[in-house]
Amino acid sequence: MKLDTYGLFVKDLALMVPFYVAHLGFRTDWDGNLDHADLYDEATGFRLMLSNRSFIEQLTGEQAAMALNLRMEQAFLVGSHAEVNAKFTAFKAAGVQLISEPTTYPWGQRAFYFADPEGNLSEVFAEGEQ
């Protein structure tokens, strides 16, 4: 598992995406979706995820969102959907605060959310499988 993504929760993607592209050199294939945008640093492979706060509340559930810091998210990439499931089972057995069950989203990614001991949102995910 590797730290793959740092996420910022923002109010206005139409303002924030051009800022990060113009001033910090990120590239993106953002299509104007007002919920989410992935930005990339080509030199390092680092991914910056900008998400509308209300979108994150939809993914995690409003009740869970109110209990979390919801200022940022860190996302850990694993190799497969099966590994997402295995990590979920291991975290559950260890008593980690789980926010969601593993879910495969319409864009193909499978993920679950959890919180660290101070309430910081984190995600374990795998890209879409063919």
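Structure: see above.
Thresholds applied
Residues numbered from 1 in each chain as written. Predicted model: local features only at pLDDT ≥ 70, side-chain atom pairs only at ≥ 80, totals over all residues. Heavy atoms only, no water. Buried < 20%, exposed > 50% of the residue type's maximum accessible area, 1.4 Å probe, protein only. Helix = DSSP H or I, 4+ residues; strand = E, 2+ residues; numbered from the N terminus. Pairing = 2+ DSSP bridges. Salt bridge = Lys/Arg side-chain N within 4 Å of Asp/Glu carboxyl O.

(A) Inspection of the pairing of strand β4 (residues 47–52) at higher detail. Counting buried positions along β4 yields six of six residues, so the element is predominantly enclosed. Of the two faces of β4, the one lined by Arg47, Met49 and Ser51 and the one lined by Leu48, Leu50 and Asn52 are each fully buried. Bridge count for strand β1 (residues 2–10) against β4 is six bridges, and the pairing is parallel. Looking at β4, one finds that Thr5 is bridged to Arg47. As defined by bridge partners, strand β3 (residues 36–40) adjoins β4 across five bridges and the pair is classed as antiparallel. Of the residues in β4, the one forming a bridge with Asp38 is Met49.

(B) The pattern of salt bridges, seen in detail. In the structure shown here, the tally under the stated rule is five salt bridges. Ionic pairing is found between Asp4 and Lys2, a salt bridge with its closest N-O pair at 4.0 Å. Residue Asp4 is classed as buried on the basis of its relative accessible area, which comes to 10%. The class for Lys2 is partly exposed, based on a relative accessible area of 49%. Across the pair Asp4 and Arg47 runs a salt bridge whose closest N-O atoms are separated by 2.5 Å. Linking Asp4 in strand β1 with Arg47 in strand β4, this pair joins segments that are 43 residues apart in sequence. Shared partners join several salt bridges into a network, and the residues in it are Lys2, Asp4, Asp38, Arg47 and Glu127.

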